[in-house]
Amino acid sequence: MDVKKNRRREWLAWLFVAMLAALCGILGVLQYRWIGEVSRAERERLRDGLRESLRQLSEHFNREIAAACMALIPTRSQAEGGAEQAYALRYAKWRTTSRHNRLFGRIALAVPEGDAVVLRNLDLHRGVFEASEWPASWSTMKEWTHSRLSENAFRGTRPFSMKPDESNVFEFPFFARGPERFREDGPGGGPERGGGPRGDRPRELNWLIVELDLGYVREALLPEMVQKYLGEGGRVDYQVKVVHRRDPAYVLYLSEPEGSGIDSNADGAVSLFDIRNDRFRRGEGKRGKGGPPRWEEAGPGPSPGRGPGPDLGRWTMFVRHRAGSLETLVERARVRNLGVTAGILLLMIAASAALVRFTRRAQTLAELQMEFVAGVSHELRTPLTVIRTAAHNLSGGVVTTGSQMQRYGALIQKEAERLSDIVDQVLLFSNAKAGRAIRVRAVVAVDNLVYDALGQCRKIVEEARCEVETRIDPEVAPVFGDATALKHALQNLIGNAARYGNSG
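## A look at the sheet that holds strand β4 (residues 169-175)
Two pairing modes exist for strands in a sheet, parallel and antiparallel, and in both the strands are linked by backbone hydrogen bonds.
Step number 1: In space, the 5 strands of this open sheet follow the order β3-β2-β1-β7-β4, with antiparallel pairing throughout. Looking at the sheet topology across the chains shown, the edges are occupied by β3 (128-132) and β4. Strand-to-strand twist of the sheet, defined as the mean angle between neighbouring strand axes without regard to direction, takes the value 30°.
Step number 2: As paired elements, strand β2 (residues 116-123) and β3 share 5 bridges and run antiparallel to each other. Residue pairing in the sheet places L119 in a bridge with S132 of β3.

## What about the pattern of salt bridges?
Any two side chains of opposite charge can pair, on the condition that their charged atoms come close.
Step number 1: Scanning the entire structure with this criterion turns up 12 salt bridges.
Step number 2: Among the ionic pairs, R63 bridges to E59, the shortest N-O distance being 3.8 Å. Residue R63 and its partner E59 are both found in helix α1 (residues 3-72); the two are separated by 4 residues, about one turn of the helix.
Step number 3: Note on E59: relative accessible area 18%, which makes it buried.
Step number 4: Residue D237 pairs with R235 through a salt bridge whose shortest N-O separation is 2.8 Å.
Step number 5: For D237, a relative accessible area of 26% corresponds to the partly exposed category.
Step number 6: One salt-bridge network, held together by shared partners, links E52, R55, E59 and R63.

## Description of the sheet that holds strand β11 (residues 251-254)
Step number 1: Overall, antiparallel pairing links the 4 strands, which are arranged β11-β10-β15-β12 in an open sheet. Each edge of the open sheet is held by one strand with a lone partner, namely β11 and β12 (268-272). Neighbour-to-neighbour, the strand axes of this sheet turn through a mean angle of 20°, independent of strand direction.
Step number 2: Two elements, β12 and strand β15 (residues 315-321), share 5 bridges in a ladder whose sense is antiparallel. Its bridge partner being in β15, G268 is matched across the sheet by V319.

## Quick word on the side chain of R320
Step number 1: Tracing the backbone through its elements, the reader meets R320 in strand β15.
Step number 2: For the buried residue R320, which engages in no salt bridge, the nearest side chain bearing the opposite charge is D267, 6.3 Å off.
Step number 3: Side-chain polar atoms of R320 contact the side chain of N265, separated by 2.9 Å.

Analysis parameters
Residues numbered from 1 in each chain as written. Predicted model: local features only at pLDDT ≥ 70, side-chain atom pairs only at ≥ 80, totals over all residues. Heavy atoms only, no water. Pairing = 2+ DSSP bridges. Helix = DSSP H or I, 4+ residues; strand = E, 2+ residues; numbered from the N terminus. Axes fitted to C-alpha atoms, helices over the stretch in contact; angles between N-to-C directions. Salt bridge = Lys/Arg side-chain N within 4 Å of Asp/Glu carboxyl O. Buried < 20%, exposed > 50% of the residue type's maximum accessible area, 1.4 Å probe, protein only. Lys, Arg positive; Asp, Glu negative; His and termini not counted. Polar contact = N/O pair within 3.5 Å; in protein donor to acceptor, adjacent residues only side chain to side chain.

Set out below in C-alpha cells:
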C-alpha cells in the first residue's frame, strides 16, 4: 500500500473542498451585491406603483364627487321654472340613478334676500326645500355667502380659510345670465374677474351648498377605493390615514386603530377632495347655450394625485405598508433572499465536504477489504498446503504404518476444520456487509462456545506466549443466538488480545 500516494490524494480532495468554499464565498459576495441592486430596483418599482395607484385613487375620488355635484346643478332653462323645483328634480333623479346615492348628508340653497342670505334646506327624504337656520358647522360658509353681497364681492375678495370640521362643505353659485367661468375664490368658488363696469358681470342668484356625509365616505366610498387601487386578492397591504390638509391633527379617516402614526413615516401621500369651480364649464347647446354642466380636468397646473400642495385638495391621504414601510418590506425580502442564497452555498460546501469524507471512508473500506482478502488468501494457503502435502504422501506410499496413517488423518481433519472456519469467516463477512450477520438463532451453551473459541485460537495464543485463564460460572444460563457468529466474535477478541495485548 502506497501511504504517500493516499495522503496526496487526501490532500488534493481537501484542497478541492477549500477551493470550492472560496468560490462559494466569491459567489456569495457577488450575490449579495446583486440582491442589493435588485432590492433597490424593487423598492423603486413599488414606490412608482404606489404613486400611480394613489394618483388614480385621487382622480377617481374627485371625479366621483364632481359627478355627483354636476348631477345636482340644473341648466338655466330648467331653473326658469323655479330654482328650488329644478334642484329638487335633479336630486331625485340623481338619487335613483347613482350607486353612491348616500354621498351627501345635507343639501341646501343659500338665497339672497335684501342684505341677508337665507338658507333653504332640502329634505332628502321628501325632496322639498324648507326654511332653515344656518347650522353652526357652516359658520364659514355663511360668512362667505354674506360677503358676496357686499361691494367688494366683485373686487377679488381673499379666500376664506375653511375650518377642519367644515372641510366637507362646498358651494356652487348659480348666475343670472351669460356664459361664465368659475375659479377657486373661497370655500366653493366665484366668477372670473375681468375689466368693465359692474353691470356687465353676471349676478349670483343663489348658491347650492352641499355637505358630504363623512360617515358614508368613511364606511363605503374610501374603503371601496382603497380596496380597488391599493388592494389585491381581497386584501389591502397598506394602512391608510386621511387628514385635513391645513390641520393634520384633524383625522377624517383611519383604516386601522393602530395606524395613527402613519403620516410620520408614510410610504406615499396624495391630495384628496380637489373640487374647484374653475373646473366646471357650462355649455349652451350647439352654440354654447343651454347645455348641461360638465367637469373638466385641470390644465397644465397641478392635478389631483400629485401630492399635497398649497392649491390642491382639502384632504391629504397618507399610506404606509403593513410591514412598517416599503423599506422594511424590501429589506425583509432581501434578507430572505440572502438567507436562501447563503443556505444554498453552505449546503454545497457541506455536500462537497461530505462527499470527500464519504469517498475517503469508501477508500479506507476498500483498503481494508483488500487487506482482508490478502489475509484470507494467506490463511487459506497454510491449511491447503498441509492437506495437499499429506494427500501427496498418502498417495505416494510414504505412509506405511497404521500409526502414521492415523496421524496423517488427524492432521488432514484438523486443517480441514481450520479451512472450514476460514470459509465461515469469509461468509460471515459477506453476510455482515449485506446486513445479514445473524443467520440462524438457536440455544447456545456458553461454556462450549468459550472452549470452542479457545481451541480455534490455541496456535495464536501459543505463538504469542500468552496464558489463558478460564472462569465460567457453572450456573450460567444458555444464550439465544447464532453459534457461528458468536464463536467468531470470541475468536476475534482472543486473537486480537493475543496479537496486540502483550506489547510491553
